[in-house]
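Topology and contacts: notes
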Amino acid sequence: MSTTAPVPAGGAVTAAGTLARFILRQNRLRLPLWILLAGGLVLGNAGTYADLFSADQALADRVDAVLNNPAVLAATGPGYGLAEATVGNLGPLVVNDSSSVFILAALMSVLLVVRHTRAEEESGSTELVRAAAVGPHAPLAAALAVAAAANVALGLVLAAGLAGMGLPVAGSVAFGSSVSAVGMAFAAIAGAVGQLIQHSRAVTGITLAGVLGLSFVLRGIGDISGSALSWSSPIGWAQAMRPYAQERWWPLLFLVALAAAGVAAAFLLGARRDFGGGSLRPRPGRALASARLRGPFSLAVRLQRGTLGAWTAGLFVLGLFGGGMVSALDAAQTVQSDVYRQLFGGGGSERFADHVFVYYLRLMALFTCVCAVLSGSRARAEEGSGRADAVLAAAVSRRRWVLTQLGVAVAGSAVVLLSAGLGAGLAYGAATGEAAQVLRLVAGAYVHLPAIALLTGIAFLLYGLAPRWSGLVWAVVAYAFFASLFGRALGLPGWLLGLSVVELSPDYPETTAGPPALIVLTAVALALTVAAVRGFERRDLHPDI
């Protein structure tokens with residue numbers, strides 16, 4: 001194992017600024033996409049609610065449905081200020097129904113920090129960088145600085161956007177600050193956990209499924225029971241700032257202190273471990289792999305189980321949130337469903353909940369698109385690190401190997417979609433007493449699987465033909481988010497909306513039409529898969545990976 005290199009004359013964080021600029025360049029598509037996603041979710045809610053709740057009775061019904069529904073309280077939060085919300089100030093309702101933005105900020109921060117610290121150290125990139133005049137803590141400092149900048153940008157977008165839509169400035173600034181602080185806190189936690197654990201996948205799983213998941217659960221239990229348990233969660237601290245409800249600024253100090261403690265712990269632990277290792281030694285592995293790991297598919301699943309598990313848990317939670325939210329909306333009988341159809345499409349069903357679920361399941365499909373592309377990019381990482389060479393040196397053909405990588409991406413996406421639909425169905429079914437809604441909403445999530453398979457086919461086609469250009473698939477994902485979140489509100493024509501992969505899926509459960517579209521999407525996905533496999537078989541390995 002390599003030991004810590006001598007500290008350059010400039011200090012332990014020498015060249016951190018240069019590395020930060022390099023990280024920004026590497027993420028010039030990812031970070032704007034994250035900010036667009038998180039900001040669009042909140043601002044989209046604000047714009048939609050201004051039309052949906054333009055009457056006092058509609059707003060009163062919505063508020064009563066939230067405050068009297070424990071499932072909604074567990075999914076969204078305590079609902080500070082909802083009782084005082086007015087048609088002229090929908091801020092408390094917007095903030096309460098947009099609480100999932102805290103999860104998005106944490107996801108963005110954790111994935112960014114882990115990718116540019118532990119993952120690059122694991123792949124050998126950091127060792128190459130530190131051969132130059134780079135301080136031992138510079139990669140960590142650069143990653144944390146970029147994560148902080150991204151969260152500040154997200155907070156500014158939220159604060160400026162909400163204030164620009166007519167909501168009170170103080171509440172807008174408080175909400176933007178709370179989201180930024182949560183993101184920074186989880187970035188610092190990821191940096192600290194990355195010094196303890198040797199493998200990036202374990203760091204991601206512990207931080208997301210462990211710390212973030214536990215924070216969400218503790219906050220939910222505390223809000224339902226009315227106990228102080230919510231104060232053990234960073235998300236609870238953020239919501240305790242009470243944007244638009246006589247703002248309290250002192251809970252922000254808790255988040256700042258947590259972020260500062262995480263950063264200090266990360267640098268302290270980083271100074272006391274060997275390069276390439278972790279402060280906690282991993283337990284020795286088995287001398288021989290089990291029979292389940294003696295094939296490329298089982299190996300690929302093993303390598304990605306942490307990431308896919310985190311996505312599965314995250315979308316299950318978001319599904320619970322969505323199911324509870326829709327049940328509250330559905331209970332508000334005076335809500336203007338015609339406005340909602342105009343903004344988000346549909347119109348084939350008289351049931352308002354169906355209109356909302358079309359949009360919400362489409363949003364879950366967009367998240368799953370990100371998961372699918374990230375999972376598919378593992379093939380390029382395996383080839384670039386040289387591990388694919390070892391697998392291909394055995395009795396494994398190129399065709400079998402690349403199909404395995406693609407199969408894991410699609411199968412993982414299917415599991416993630418299942419968790420989203422299952423979470424939404426359980427929450428909505430429990431609120432309405434209709435157990436059949438579980439299967440119905442799972443089916444509504446799965447209608448997007450062919451479109452996601454098509455996107456995965458595009459990603460692997462780029463990888464198979466020109467791996468250097470495989471990052472272009474993120475442009476397809478970014479456009480899908482833009483078209484689905486803002487396309488109808490901006491009045492985009494149908495053919496432009498149709499360029500978004502998820503817009504090609506049927507509007508189920510609002511309509512049962514669509515099998516021909518699913519067949520066409522599946523056929524195109526299979527054709528792209530064949531082309532991707534042929535391209536990978538014919539090119540050299542490591543063509544400037």
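As the structure is a computational prediction, the values presented were derived from the model and not from experiment. (Residues numbered from 1 in each chain as written. Predicted model: local features only at pLDDT ≥ 70, side-chain atom pairs only at ≥ 80, totals over all residues. Heavy atoms only, no water.)

Below, the discussion takes up the environment of E382. As for its position among the elements, E382 is in helix 16 (residues 352-385). Distance from E382 to Q405, taken between C-alpha atoms, is 9.9 Å for residues 23 residues apart in sequence. When residues no more than four places from it in sequence are discounted, the contact partners of E382 are L303, R387, A388 and W401. (Helix = DSSP H or I, 4+ residues; strand = E, 2+ residues; numbered from the N terminus. Contact = heavy atoms within 4.5 Å.)

Let's shift gears to the packing of helix 9 (residues 138-164) against helix 13 (residues 251-270). Running from N to C, helix 9 and helix 13 cross one another at 165 degrees; their axes reach a closest spacing of 10 Å. Classed by the angle they form, the pair helix 9 and helix 13 counts as roughly antiparallel. Taken as a pair, helix 9 and helix 13 cross one another with a handedness that is right-handed. On helix 13, the residues touching L140, A141 and L144 of helix 9 are V263, A266 and F267. The residue makeup of the contact of helix 9 with helix 13, split by class, is six nonpolar, no polar and no charged. (Axes fitted to C-alpha atoms, helices over the stretch in contact; angles between N-to-C directions. Parallel < 35°, antiparallel > 145°, perpendicular 65-115°, else oblique. Left-handed = near helix turned anticlockwise from the far one by under 90°. Nonpolar A, V, L, I, M, F, W, Y, C, P; charged D, E, K, R; others polar.)

The next subject is the confidence of the model for the protein chain. With 88% of its residues at a pLDDT of 70 or more, the protein chain shows a mean pLDDT of 82. Confidence over residues 333-337 falls short of pLDDT 50; this stretch has 13 contacts with residues more than four positions distant or in other chains. Predicted confidence for residues 342-349 stays below pLDDT 50, and this span has 23 contacts to residues more than four positions away or in other chains. (pLDDT = per-residue confidence, 0-100.)

What follows is about the packing of aromatic side chains. One pass over the structure, following the stated rule, counts nine aromatic pairs. On the basis of an interplanar angle of 5 degrees and a centroid distance of 5.6 Å, the ring pair of W231 and W250 is categorised as stacked. One end of the pair, W231, is in the loop between helix 11 (200-225) and helix 12 (234-239); the other, W250, is in the loop between helix 12 and helix 13, with 19 residues separating them in the sequence. Overall, W250 belongs to the partly exposed group, its relative accessible area being 41%. Pairing F357 with Y428 gives two aromatic rings, centres 5.1 Å apart and planes at 85 degrees, and the pair type is edge-to-face. Of this pair, F357 sits in helix 16 while Y428 sits in helix 18 (residues 398-432); the two residues are 71 residues apart in sequence, bridging distant segments of the chain. For the pair F357 and Y428, one class covers both residues: buried. The ring centre of F216 lies 5.1 Å from the NZ or CZ of R219, which sits over that ring. Over the face of the ring belonging to Y463 we find R539, whose NZ or CZ atom lies 4.9 Å from the ring centre. (Phe/Tyr/Trp six-rings, centres within 6.5 Å; stacked < 30°, edge-to-face > 60°. Buried < 20%, exposed > 50% of the residue type's maximum accessible area, 1.4 Å probe, protein only. Lys NZ or Arg CZ within 6 Å of the ring centre and 35° of its normal.)

Right, let's talk about the side chain of Q239 for a bit. Within the secondary structure, Q239 is located in helix 12. Sequence-distant contacts of Q239, that is, excluding residues within four places in its chain, are made with T76, G77, P78, Y80, S99, F102, R219 and D223.

Quick look at the side chain of E121 now. Of note, E121 is situated in helix 7 (residues 118-123). Excluding its chain neighbours within four sequence positions, the residues that come into contact with E121 are T126, R273, F275, G276 and G277.

Below, the discussion takes up the nonpolar core. Core analysis: the largest hydrophobic core is formed by 124 residues, its most contacted members being F175 and F367. When residues in this core are grouped by element, the largest group, 15 residues, is from helix 16. Here F175 is in contact with V42, V95, S98, V101, F102, L158, L162 and P243, once residues within four sequence places are set aside. (Core = buried A, V, L, I, M, F, W, Y, C linked by side-chain atoms within 4.5 Å.)

Opposite charge on two side chains allows them to pair when their charged atoms are near. All told, the structure shown has eight salt bridges when counted by the stated rule. Notably, a salt bridge pairs R362 with E503, separated by 3.6 Å at the nearest N-O pair. Of this pair, R362 sits in helix 16 while E503 sits in the loop between helix 22 (494-497) and helix 23 (515-538), and the two are 141 residues apart along the sequence. The exposure classification of R362 matches that of E503, with both residues buried. Counted as one network, the salt bridges with shared partners bring together R118, E121 and R273. (Salt bridge = Lys/Arg side-chain N within 4 Å of Asp/Glu carboxyl O.)

Turning our attention to unusual backbone geometry. One non-glycine residue, A15, lies in the positive phi region at around 70 degrees. You can see A15 is positioned in the segment before helix 1 (16-26). Since its relative accessible area comes to 26%, A15 is described here as partly exposed. Of note, the phi angle at Y244 is positive, near 65 degrees, even though the residue is not glycine.

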